[in-house]
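One-letter residues, chain by chain:
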Amino acid sequence: TYNPISLQPYTACDDDIVDGFTEFDLSDLITQIEPEFPTGATLSLFEDLNAVYSEDIIMSNTYTNTNQHSQFLYIKAEINGECYAITTIEIQVLYTPVLEDDETIYYCLNNYPETITLHGGVLNDLPNNYYYSWSTGENMTYIEVNEPGTYSVTVTDPNGCSSSRTITVLGSNI
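What counts and what doesn't
Residues numbered from 1 in each chain as written. Predicted model: local features only at pLDDT ≥ 70, side-chain atom pairs only at ≥ 80, totals over all residues. Heavy atoms only, no water. Pairing = 2+ DSSP bridges. Helix = DSSP H or I, 4+ residues; strand = E, 2+ residues; numbered from the N terminus. Axes fitted to C-alpha atoms, helices over the stretch in contact; angles between N-to-C directions. Core = buried A, V, L, I, M, F, W, Y, C linked by side-chain atoms within 4.5 Å. Buried < 20%, exposed > 50% of the residue type's maximum accessible area, 1.4 Å probe, protein only. Contact = heavy atoms within 4.5 Å. Salt bridge = Lys/Arg side-chain N within 4 Å of Asp/Glu carboxyl O.

Asker: An account of the sheet that holds strand β11 (residues 149–156) is needed here, citing residue identities and associated values.
Answerer: Strand order in this open sheet of four strands is β7-β12-β11-β9, and the pairing throughout is mixed. Here the strands that pair on one side only, and so sit at the sheet edges, are β7 (103–108) and β9 (131–134). For this sheet the average axis-to-axis angle between neighbouring strands, irrespective of direction, equals 25°. Sheet analysis places β7 next to strand β12 (residues 162–172), joined by six bridges and oriented parallel. Bridging from a neighbouring strand, Cys108 pairs with Ser172 of β12.

Asker: Pulling in residues and values, what's your account of the nonpolar core?
Answerer: Among the nonpolar cores identified, the biggest contains 22 residues, and Leu26, Leu29, Ile33, Phe37, Leu43, Ile75 and Ile89 are the most heavily contacted of them. Counting residues per element, the ones that place at least two in this core are β1 (10–13), α1 (26–33), β3 (42–46), β5 (70–79) and β6 (82–94). Excluding anything up to four places from it in sequence, Ile75 contacts Leu7, Ile33, Phe37, Leu43, Ser44, Leu45, Ala85, Ile86, Thr87 and Ile89. In this structure, Tyr132, Trp134, Tyr151 and Val153 belong to the second largest nonpolar core, which totals 14 residues.

Asker: I'd like to hear about the pattern of salt bridges, residue by residue, with values.
Answerer: This model, assessed by the stated rule, comprises four salt bridges. When the shortest N-O distance is used, the salt bridge between Glu100 and Arg165 registers 3.7 Å. Here Glu100, found in the loop between β6 and β7, pairs with Arg165, found in strand β12; they are 65 residues apart in sequence, far enough to count as distant. Connected through shared salt-bridge partners, Glu55, Lys76 and Glu78 make up one network.

Asker: Report on the sheet that holds β1, specifying residues and quantitative values.
Answerer: Spatial ordering of the open sheet is given by β1-β6-β5-β3, a layout of four strands whose pairing is mixed. Here the strands that pair on one side only, and so sit at the sheet edges, are β1 and β3. Averaged over all pairs of adjacent strands, the angle between their axes in this sheet comes to 30°, without regard to strand direction. Here α1 sits on the sheet in contact with β1, β3, β5 and β6, set at roughly 130° to β3.

Structure below.
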């Protein structure tokens, strides 16, 4: 019996090193796709079709993709020990913003109330392509400050992936 099952791609944000490879939570993947299968179906994940036929199941709850940015995994659904369906799901690595490293800068206290500008620090792209959330409550690509403190920013891609950085502003009288 042929039981076609069409699944939407499963996505995860790229990790600290933005390289198109990341660790996927397979427990979460299974939980998300279970409603697409009949109640009581047992789902198993495989790296490729040969693994399906040799019953080489991915046993870990996590999986790091071996093809950059996306690849397909195979899913075998069984009901009462009988094969119900074999299908694929695409796992996709979503782009995560790359930011400048955390930094410490100095603010000349004798220049108060003049301000200095702190930038979100997006690298390799236009800053306006992202959403910003500063520890000050502001949501611009940069903020103006005139006092020492620790300021953090979370930069979020429209796909929902985000990165953060911290800028420490130290006061100086020199």
